[in-house]
Amino acid sequence: MFYNIVMSRLIAITDIHGEYYKLCALLDNLALTSDDKVVFMGDYIDRGKMSRQTVDKVIDTGKICECIYLVGSHEYAMMRAKNDEHYSFLFWNYGGDATVESYGSFDNIMDVHGDFFSNLKPYYLTDKYLFVHAGIRRGIPLEKQDLHDMVYLRSEFYNNPHDLGQKIIFGHTEFDKPQIWEDKICIDTGCGKYKDAPLTAFVSENGSEYFVNSED
Ligand SMILES: [Mn+2]
């Protein structure tokens, strides 16, 4: 008897930051099929010149396979920038000018992609993994975590063991290569921040874990 074994992959991509061409290169290298699932973990916008095209591309990727879209710190700040001085400062001083240029105006960002930005999820949980933009706070149940923590936490999260049963896949803090701990993996390799930095995907396939990047 023969079985047609479907090799479905669970893939995570984060911190694209308007680098549309690096996203296209990475997606080409991944050669997605309808059996795959992709978790986009936020920071689609800011810094790179092509935020609008980047968001269109991640939406279109949802026509190839199931995609889950999480919120990043840059979307969190962008959506609060209009009515809050603190987030307005963060937006305009951390690459938001490139996003405004890409969309033509600040108001156009939500006019064009408001549905997308308004429906971003805080995290995605499977049997083996938690996908989240930046991290979680130890000792607090997942459903009670503060969204601000989930998109902004840095070393106090990744320098300490967490108490969740799943391995946590995250971005937000950039390193020169994927960072692997026993209980977590960071895949932000500086795309959008450094000219030659690649965009890196985490892939879980048939029990093994590996990385694919925009330069492979
Ligand atoms: Mn980022």
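Each remark here, short or long, concerns the structure printed above.
Residues numbered from 1 in each chain as written. Predicted model: local features only at pLDDT ≥ 70, side-chain atom pairs only at ≥ 80, totals over all residues. Heavy atoms only, no water.

1. Some points on the packing of aromatic side chains
For any pair of aromatic rings, the description rests on two quantities: the centre-to-centre distance and the angle between the ring planes. If you walk through the whole model with that rule in mind, you get 20 aromatic pairs. Three or more aromatic residues joined by ring pairs make a cluster, and in this case those are Phe 40, Tyr 44, Tyr 69, Phe 116 and Phe 117. The ring of Trp 181 has Lys 184 sitting right over it, with the charged end atom 5.7 Å from the ring centre. (Phe/Tyr/Trp six-rings, centres within 6.5 Å; stacked < 30°, edge-to-face > 60°. Lys NZ or Arg CZ within 6 Å of the ring centre and 35° of its normal.)

2. A word on the coordination of the manganese ion
Distances from the manganese ion to its protein donors, Asp 15 (OD), His 17 (NE2) and Asp 43 (OD), fall at 2.0 to 2.3 Å. The class of Asp 15 is buried, set by a relative accessible area of 2%. (Donors = N, O, S within 2.8 Å, 3.2 Å for Na, K, Ca; no water. Buried < 20%, exposed > 50% of the residue type's maximum accessible area, 1.4 Å probe, protein only.)

3. Considering the side chain of Thr 173
Here Thr 173 lies in the loop between β6 (167-170) and β7 (179-180). For Thr 173, the side chain forms a polar contact with the side chain of Arg 154, separated by 3.0 Å. Sequence-distant contacts of Thr 173, defined by excluding residues within four places in its chain, comprise Arg 154, Tyr 158, Cys 186 and Asp 188. (Helix = DSSP H or I, 4+ residues; strand = E, 2+ residues; numbered from the N terminus. Polar contact = N/O pair within 3.5 Å; in protein donor to acceptor, adjacent residues only side chain to side chain. Contact = heavy atoms within 4.5 Å.)

4. Some details on the packing of helix α2 (residues 51-61) against helix α6 (residues 106-118)
Relative orientation of the contacting elements α2 and α6 amounts to 25°, with a least axis distance of 11 Å. By the criterion of interaxial angle, the relationship of α2 to α6 is roughly parallel. The hand of the α2/α6 crossing is left-handed. Contacts between α2 and α6 involve Arg 52, Val 55, Asp 56, Val 58 and Ile 59 from the first element and Asn 108, Val 112, His 113, Phe 116 and Phe 117 from the second. In terms of residue class, the contact of α2 with α6 is made up of 6 nonpolar, 2 polar and 2 charged. (Axes fitted to C-alpha atoms, helices over the stretch in contact; angles between N-to-C directions. Parallel < 35°, antiparallel > 145°, perpendicular 65-115°, else oblique. Left-handed = near helix turned anticlockwise from the far one by under 90°. Nonpolar A, V, L, I, M, F, W, Y, C, P; charged D, E, K, R; others polar.)

5. Comments concerning the sheet that holds strand β5 (residues 129-132)
Within the open sheet, the 5 strands sit side by side as β4-β5-β6-β8-β7. Their pairing is mixed. Looking at the sheet topology across the chains shown, the edges are occupied by β4 (123-125) and β7. The pairing of β6 with strand β8 (residues 184-186) spans 3 bridges and is classified as parallel. Within β8, the residue paired with Ile 168 across the bridge is Lys 184. (Pairing = 2+ DSSP bridges.)

6. Overview of the pairing of strand β10 (residues 208-213)
By the bridge criterion, 6 bridges tie strand β9 (residues 200-205) to β10 in an arrangement that is antiparallel. Bridge pairing in β10 places Ser 204 opposite Glu 209. In sequence, β9 turns back onto β10 through a hairpin of 2 residues, with Asn 206 there showing a positive phi of about 55°.

7. A look at the pattern of salt bridges
Following the criterion strictly, the structure yields 10 salt bridges and no others. Here Asp 183 makes a salt bridge to Lys 184, at a shortest N to O gap of 3.1 Å. A residue is classified by how much of its surface remains accessible, and Asp 183, at 19% relative accessible area, is buried. Each of Arg 137, Asp 149 and Glu 156 takes part in one network of salt bridges that share partners. (Salt bridge = Lys/Arg side-chain N within 4 Å of Asp/Glu carboxyl O.)

8. A short note on the sheet that holds β9
Read from one edge to the other, the open sheet built from 5 strands follows the order β3-β2-β1-β9-β10, with strand pairing classed as mixed. If you trace the sheet from one side to the other, it starts and ends with β3 (66-69) and β10, each paired once. The sheet shows a mean angle of 20° between the axes of neighbouring strands, direction not considered.

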